[in-house]
Amino acid sequence: MLKILKKDWFTALVISLILLLLKSSPAIEKLELGSYDFAMRQTEKDPGKQVNVIAIDDRSIENMGRWPWPRSIQAELIEKLADSGADVIGYSILLSEEQTNPASEFIDQALSQLLSETHIELAPAIATLERAKTRLDTDNRLAAAIQTANNVVLGMQFNLGSPNGNADEALPDYVINNAIDIDANVTTGIYFVQSDNAVSPIKQLGAESEAIGHLSLIQDIDGGVRTELLVLDYFGQLFPSIATMIAASSLNLNSNEISITPDRKFNLGNLSIAMDTVGRFYPYFYLNDEGKTPFRVESFYDVYIDSIDPGTFKDKIVLIGPTAFGLGTSTITPVSESMAPVIVLANVVASLLNQHFIVAPDWAWLVEFIVFLLIALYLMLLLPRLKASMAALVSFLIMVALIGSNQFLLLSGMWFKFMLPTTLLITGYLLLISKRYLITEKGKLLSDKESADSNRILGLSYQQQGQLDMALDKFRKCPLDDSMMEPFYNLALDFERKRQFNKATSVYEYMSGHDEGFKDIKERMKKSQAMQDTFVFGAAGPNATANLLSDGTIEKPMLGRYQVEKELGKGAMGVVYLGKDPRINRVVAIKTMALSQEFEDSELDEIKERFFREAETAGRLAHPNIVTVYDVGEEHDLAYIAMEYLEGHDLSRYIKPEKLLPVRNAIQIIILAAEALSYAHKQNIVHRDIKPANIMFIPNSSTIKLTDFGIARITDSSKTKTGMVLGTPSYMSPEQLVGKHIDGRSDLFSLGVMLFQLLTGRLPFKGESMASLMFCIANEKHPEITGLRKELKPLGQEMSTILDKLLEKTPQARYQTGEELAKELRNCLKLFKKK
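**Focus: the packing of aromatic side chains**
As enumerated under the stated definition, the model contains 20 aromatic pairs in all. With 5.6 Å between their ring centres and 70° between their planes, Phe-158 and Tyr-234 make a pair best called edge-to-face. Pair noted here: Phe-158 is in strand E3 (residues 152–160) and Tyr-234 is in strand E7 (residues 231–234), with a separation of 76 residues, a long-range link. Taken individually, Phe-158 and Tyr-234 each receive the classification buried, so the pair is uniform in this respect. A ring pair is formed by Tyr-234 and Phe-235, whose centres lie 4.8 Å apart and whose planes are at 85°; its orientation type is edge-to-face. Given the relative accessible area of 28%, Phe-235 is considered partly exposed.

**Focus: the environment of Leu-651**
The residue Leu-651 is located in the loop between strand E26 (649–650) and helix H23 (663–682) in this model. Beyond its immediate sequence surroundings of up to four residues, Leu-651 is in contact with Ile-669, Pro-692, Ile-695, Phe-697, Met-754 and Leu-758.

**Describing the side chain of Thr-760**
Examined against the element boundaries, Thr-760 turns out to sit in helix H26 (residues 744–760). Separated by 3.3 Å, the side chain of Thr-760 and the backbone oxygen of Arg-762 make a polar contact. Residues contacting Thr-760, with those up to four places away along its chain left out, are Leu-660, Ile-785, Leu-788 and Leu-792.

**Looking at the nonpolar core**
Formed by 57 residues in total, the largest nonpolar core has its most connected members in Leu-706 and Met-799. Those residues in contact with Met-799 that sit more than four places away from it in its chain are Ile-667, Leu-755, Leu-759, Ile-785, Leu-825 and Cys-828.

**Topic: the environment of Val-335**
Looking at where Val-335 falls in the secondary structure, it is placed in the loop between strand E15 (331–333) and strand E16 (336–339). In this structure, the C-alpha to C-alpha distance between Val-335 and Arg-41, residues 294 residues apart in sequence, is 5.5 Å. Among residues more than four places away in sequence, those in contact with Val-335 are Met-40, Arg-41, Phe-285, Tyr-286 and Leu-287.

**Observations regarding the pairing of strand E25 (residues 638–644)**
Across the 7 residues that make up E25, a large majority, 7, are buried. Pairing of strand E23 (residues 586–593) with E25, which is carried by 6 bridges, proceeds in the antiparallel orientation. Bridge pairing in E25 links Ile-590 to Ala-642.

**Concerning the sheet that holds strand E28 (residues 703–706)**
Spatial ordering of the open sheet is given by E26-E27-E28, a layout of 3 strands whose pairing is antiparallel. Each end of this open sheet is capped by a strand with a single partner; those strands are E26 and E28. Here strand E27 (residues 695–698) pairs with E28 via 4 bridges, running antiparallel. Within E28, the residue paired with Phe-697 across the bridge is Ile-704. Lying over the sheet, H23 contacts E27 and E28, oriented at roughly 40° with respect to E28.

Criteria and thresholds
Residues numbered from 1 in each chain as written. Predicted model: local features only at pLDDT ≥ 70, side-chain atom pairs only at ≥ 80, totals over all residues. Heavy atoms only, no water. Phe/Tyr/Trp six-rings, centres within 6.5 Å; stacked < 30°, edge-to-face > 60°. Helix = DSSP H or I, 4+ residues; strand = E, 2+ residues; numbered from the N terminus. Buried < 20%, exposed > 50% of the residue type's maximum accessible area, 1.4 Å probe, protein only. Contact = heavy atoms within 4.5 Å. Polar contact = N/O pair within 3.5 Å; in protein donor to acceptor, adjacent residues only side chain to side chain. Core = buried A, V, L, I, M, F, W, Y, C linked by side-chain atoms within 4.5 Å. Pairing = 2+ DSSP bridges. Axes fitted to C-alpha atoms, helices over the stretch in contact; angles between N-to-C directions.

Note that all results are geometric; they support no functional claim without further evidence.
See the structure below:
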């Protein structure tokens with residue numbers, strides 16, 4: 001027993017040291033951030049009523065046209081806010097470029113010609129042209145509005161990075177006036193984040209603003225934003241953030257009245273905010289009872305047309321910025337996976353004014369280390385002496401105490417990072433308990449020679465029958481000694497022959513633990529590892545697989561002119577690879593189709609001809625919401641399509657009830673898909689296989705891409721060698737199921753099925769068999785959606801009417817074009833907003 005205890009003590013010590021070294025690893029950091037986010041979602045602090053938001057939202061874009069709008073429109077809004085008595089106007093839209101009208105150039109030419117004449121009767125014409133020129137100068141109009149309001153705070157962009165020399169040019173005075181002066185004799189202990197480049201607002205606008213602040217955000221390791229950079233360093237000058245300047249302006253303070261104390265306190269008048277060692281603070285992110293932002297958000301369009309009482313904004317801080325779908329980049333925050341930057345700004349301003357923020361004390365590291373040490377001592381000294389049931393109970397209670405104290409302290413405004421000791425507790429417990437169990441099992445196997453012989457005989461029998469996985473399972477139950485090396489070696493060779501290189505590698509690795517010099521397992525293991533990501537299924541010839549070169553490096557396979565990097569996934573008819581065109585260094589996705597393996601020889605030539613014709617047709621499509629096809633070809637009986645590589649995922653993850661998208665986002669996605677299909681249909685191209693798996697969602701740009709145009713047509717009238725017709729029956733139109741001629745209206749039916757599924761998490765037509773499913777699609781009506789999800793009730797009859805028309809059994813009764821459908825859905829969104 002003492003020997004086992006010593007071994008457990010050493011194991012716990014090693015685990016503790018390894019985790020201590022991994023304290024700053026991405027995995028541990030993400031756990032800490034996840035705990036932080038969970039606590040933020042439980043807070044119930046009130047942000048107050050002082051901060052309002054005017055959003056450049058979808059409604060504004062629909063009614064006022066595409067962004068950017070003329071700055072004269074923005075000037076009118078600022079004038080309305082100034083007249084209403086707004087306290088501060090925060091403008092988070094960059095104004096670093098002049099907005100000119102092409103007509104101004106012609107007016108200047110006309111004025112030049114007229115002024116060269118001396119006829120007095122030309123004076124009225126000259127005056128008229130000068131008024132027109134003034135009207136077209138929207139920058140001057142906006143500057144006049146900012147000057148009149150005298151309370152507008154602008155944002156500007158600073159690029160974060162360490163400068164290598166001096167600035168290219170000095171910042172203008174109207175920017176420098178916002179810099180914070182710190183007494184040279186005061187040591188703040190802060191290593192301010194540096195900027196090596198800045199883009200100022202144009203002089204006409206910047207000079208008239210009350211203040212200017214930076215818009216730079218620092219993202220955490222998971223891409224989320226949880227902090228506000230209160231001050232950054234631009235070549236020795238300290239510039240505050242736009243949130244800081246908005247809060248200061250509301251307190252009638254300027255940058256000269258902002259101070260930073262030696263104890264890292266950022267002072268705005270009587271407000272004091274704790275900063276970390278790089279000049280950040282951790283603001284609260286607010287939620288209301290419904291889990292939404294509590295700030296009052298009004299549409300730019302509604303304020304512009306005076307639908308909102310101007311008195312709403314009296315004595316308020318009003319923030320103006322975009323929230324429209326696809327306009328700007330949304331931000332991940334502790335309380336939202338997608339928050340518009342202007343809403344983030346509202347949270348930060350409210351946190352500053354309300355003194356709501358999280359503090360990580362300077363001495364927090366000491367408390368965290370002591371807790372870590374106590375957990376390590378528990379694993380080394382106490383856990384090995386406890387019985388299994390008591391060890392589980394005590395470890396569970398300690399885990400609850402760690403997580404509970406972490407959450408309680410966060411809710412109290414203090415952040416202590418206890419996820420590392422929690423990870424140590426869970427990892428140490430599982431490994432020590434598993435080790436104890438494995439030692440017992442190993443003793444049983446060693447003491448039962450008859451059982452080992454039986455497993456070996458069974459394994460050899462399974463191997464002869466080709467059941468390699470079952471053979472491996474039996475072999476692993478035998479003690480790994482010299483007598484088992486040969487059976488394992490032969491099994492690994494069989495895995496190689498079946499092209500299961502990952503399993504062959506695992507067998508070689510297992511064998512090397514006993515004798516790494518056995519035969520040629522080192523070389524075979526190296527080659528198998530190389531094959532795992534680079535083997536092209538179905539190809540043949542010298543370039544079909546990766547080759548191991550004499551110097552030990554790997555020669556990657558080629559498919560046509562593309563270098564295959566690794567496998568991305570498998571589809572119905574082949575594998576998708578990540579590839580690169582070495583000539584232009586372009587990364588592509590390569591979809592392969594082993595046509596000779598999937599179709600009968602009698603129809604193979606026709607299938608190949610159709611494959612190239614349909615792929616080339618799809619390659620002519622040029623639309624922002626359709627994936628770009630670069631190339632198509634065939635090599636070693638393997639047909640392939642090289643297309644745009646997308647950093648995203650398909651919509652399949654959003655069709656389950658617990659994973660549904662917000663109703664508005666789901667409808668906006670269908671609008672984009674309908675417009676893309678409308679474009680394709682005008683080119684006489686029908687998709688034929690519209691479903692969630694064929695629509696990619698790109699989070700970075702909040703847009704979609706339709707994929708696999710033309711592929712369904714290759715297979716819709718042909719059967720594979722297994723006798724199966726490829727396709728997705730649940731999304732097919734009635735006419736497609738029975739083999740009738742189809743057009744773009746069939747795609748719209750499939751899009752209707754997908755819209756129903758994205759909104760409700762279920763299919764509109766179901767059947768226990770293929771025959772019953774086909775009957776249901778062709779004859780039965782879909783369920784009403786309003787009773788399937790409570791968020792759909794505001795859409796009411798409008799969405800039901802759209803779905804009824806989309807899912808009509810006859811094409812003539814449906815929407816005839818994607819444009820028509822997109823228009824109806826946009827109208828539905830307008831009604832949804834009103835409700």
